[in-house]
Amino acid sequence: MSQFSSIPPTYGEPTFDEPRPSWPTGLGIFSIIWGSLGVICGACALGMTFAMGPFMEWAAKMQAQGGQSGSGPQIPTTPMPPELMPNVVQMLGAVVHPLGAILLLVAGIMLTARKPAARPAHLAYAAISILGTVIGMVGVIMYGNSFGAFAAANPDHAWVAMMQSTSPPAAQMIQTAVVSLIALIYPIFILIWFGFIKKRPEDMGPPSQELVA
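Residues numbered from 1 in each chain as written. Predicted model: local features only at pLDDT ≥ 70, side-chain atom pairs only at ≥ 80, totals over all residues. Heavy atoms only, no water.

(A) Representation of the overall build of the protein chain in the model. Along its length, the protein chain carries 6 helices and 0 strands. Sequence-ordered secondary structure for the protein chain, helices as α and strands as β, is α-α-α-α-α-α. In the protein chain, which comprises 213 residues, the share counted as buried stands at 33%. When contacts within the protein chain are restricted to residue pairs at least 6 apart in sequence, long-range pairs at least 24 apart make up 83% of them. (Helix = DSSP H or I, 4+ residues; strand = E, 2+ residues; numbered from the N terminus. Buried < 20%, exposed > 50% of the residue type's maximum accessible area, 1.4 Å probe, protein only. Contact = heavy atoms within 4.5 Å.)

(B) Examining the packing of aromatic side chains more closely. What the rule picks out here adds up to 8 aromatic pairs. Their ring planes at 10° and their centres at 5.9 Å tell us that Phe 30 and Trp 34 sit as a pair that is stacked. Of the two residues, Phe 30 and Trp 34 are both situated in helix α1 (residues 23-50); the distance of 4 residues between them amounts to about one turn of the helix. A residue is classified by how much of its surface remains accessible, and Phe 30, at 39% relative accessible area, is partly exposed. Judged by centre distance (5.7 Å) and plane angle (25°), the ring pair of Phe 189 and Trp 193 falls under stacked. One end of the pair is Phe 189 and the other is Trp 193, both in helix α6 (residues 169-197) and 4 residues apart, which spans about a single turn. By way of ring pairs, the aromatic residues Trp 23, Phe 30, Trp 34, Tyr 125, Tyr 186, Phe 189, Trp 193 and Phe 194 are connected into one cluster. (Phe/Tyr/Trp six-rings, centres within 6.5 Å; stacked < 30°, edge-to-face > 60°.)

(C) A look at the side chain of Ser 129. Inspection of the secondary structure puts Ser 129 in helix α4 (residues 118-153). Classification of Ser 129 as buried rests on a relative accessible area of 8%. Every residue in contact with Ser 129, bar those within four places of it in the chain, is listed here: His 97, Ala 183 and Pro 187.

(D) Quick look at the packing of α4 against helix α5 (residues 158-166). One can describe the packing of α4 onto α5 by two numbers: an axis separation of 10 Å at closest approach and a directional angle of 130°. As summarised for this structure, α4 and α5 are arranged oblique, according to the angle between their axes. When you trace α4 past α5, the crossing you get is left-handed. Packed against α4, whose contacting residues are Tyr 143, Phe 147, Phe 150 and Ala 151, the element α5 presents Val 160, Met 163 and Gln 164 at the interface. Taken together, the residues that form the contact of α4 with α5 break down as 6 nonpolar, 1 polar and no charged. (Axes fitted to C-alpha atoms, helices over the stretch in contact; angles between N-to-C directions. Parallel < 35°, antiparallel > 145°, perpendicular 65-115°, else oblique. Left-handed = near helix turned anticlockwise from the far one by under 90°. Nonpolar A, V, L, I, M, F, W, Y, C, P; charged D, E, K, R; others polar.)

(E) Layout of the confidence of the model for the protein chain. Averaged over the protein chain, the pLDDT score is 84; the fraction of residues at 70 or greater is 85%. Confidence, expressed as mean pLDDT per element, reaches its minimum in the protein chain at helix α2 (residues 52-66) with 75 and its maximum at helix α3 (residues 88-112) with 95. (pLDDT = per-residue confidence, 0-100.)

(F) Quick look at the pattern of salt bridges. Tallied over the entire structure, the rule returns 1 salt bridge. Among the ionic pairs, Arg 200 bridges to Asp 203, the shortest N-O distance being 3.2 Å. (Salt bridge = Lys/Arg side-chain N within 4 Å of Asp/Glu carboxyl O.)

(G) The arrangement of α6 in detail. Helix length check: α6, at 29 residues, gives a terminal C-alpha distance of 41 Å against a target of 42 Å (1.5 Å per residue), a fit within 8%. Along α6, the helix axis deviates most sharply at Ile 185, where the bend reaches about 30°; the proline Pro 187 sits within four residues downstream. Pro 169, Gln 172, Thr 176, Ser 180, Tyr 186, Pro 187, Ile 190, Trp 193 and Phe 194 are the residues of α6 that are buried. Summarising the contacts, the buried residues of α6 are in contact with α1, α3 and α4. (Expected span 1.5 Å × (residues − 1). Bend = angle between axes of the 7 residues up to and from the residue.)

Below, the structure is given as structure tokens:
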């Protein structure tokens, strides 16, 4: 009888680690880039919204000191009428947008680290971004109505003539509508992605150890 068993030894079934999904990294990087651009553009829009009056007065002084004249539009030296200044709703929209961009930037960093908090952070960004876009559009419509009423009552006003030649409210409304549609694409995608497709923390895979401190 043989000293060795004829039954070959068994070592068990080989195990393989489940591959980590790659979408959190790609989507997180895009959120970081989009959020960074939003912070920069939002800061510029915020500054122009709140500093429009002083900026126009400064531009009028520079124009007068430079002795500029001609057929082009001239900035009036009189104070800008309140009806032509950004309204409260526009100011609110200018504040909300940068806040959403900052939140998206933070959410993108968390998503690249595959932290569970990245999902609610992205959903919060989407809600804030959509709200800010709606507020901004309403503010522009209100501004157009205010400008139209002031222009009808003061057709020969210097500020009315200047603004109609450089930035008419109708053009602003069209521009705002186009920008708003573009701005809604990513937050709507985020709502669908994290609200209906990737709803569990496990969908992101294990956290990135090199990013988790």
